[in-house]
Amino acid sequence: MPASVLASFLCTPASAHQAPAGWQYDPSCCAGMDCYQAPPSDVKETKYGYQLSTGELIPYTDHRIKRSRDEYFHECKPGGDARSQHSFCLYVPDRGM
């Protein structure tokens, strides 16, 4: 089975990629159950990047960082498991920079 066909089975329809505010998560952050609005205490800005509550550090230059379309952080992890040490994407709100 070609990878593109397999990927279509693994990802849910685009409507499932919505943040609570109604904007769409990027399909590369797949599947509808992976992304969620993170509690404010789960993401800390450090000198080196974004430190997640699991200890994962995502550097500011990492390609997984996306612009949040609301005032909240959103994390995308396998199965939406907040305890996972690996993030697919981190949506970051504008900070007036």
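Residues numbered from 1 in each chain as written. Predicted model: local features only at pLDDT ≥ 70, side-chain atom pairs only at ≥ 80, totals over all residues. Heavy atoms only, no water.

J.: Hey, could you run me through the pattern of salt bridges in this one?
T.: Side chains carrying opposite charge are able to pair once their charged atoms draw close together. Scanning the entire structure with this criterion turns up five salt bridges. Note that arginine 64 is salt-bridged to aspartate 62, the shortest N-O span being 3.0 Å. Judged by relative accessible area, which is 14%, arginine 64 ranks as buried. The class for aspartate 62 is buried, based on a relative accessible area of 17%. The residue aspartate 81 makes a salt bridge to arginine 83 at a minimum N-O spacing of 3.1 Å. Salt bridges here are not isolated pairs; linked through shared partners, they connect Glu56, Asp62 and Arg64. (Salt bridge = Lys/Arg side-chain N within 4 Å of Asp/Glu carboxyl O. Buried < 20%, exposed > 50% of the residue type's maximum accessible area, 1.4 Å probe, protein only.)

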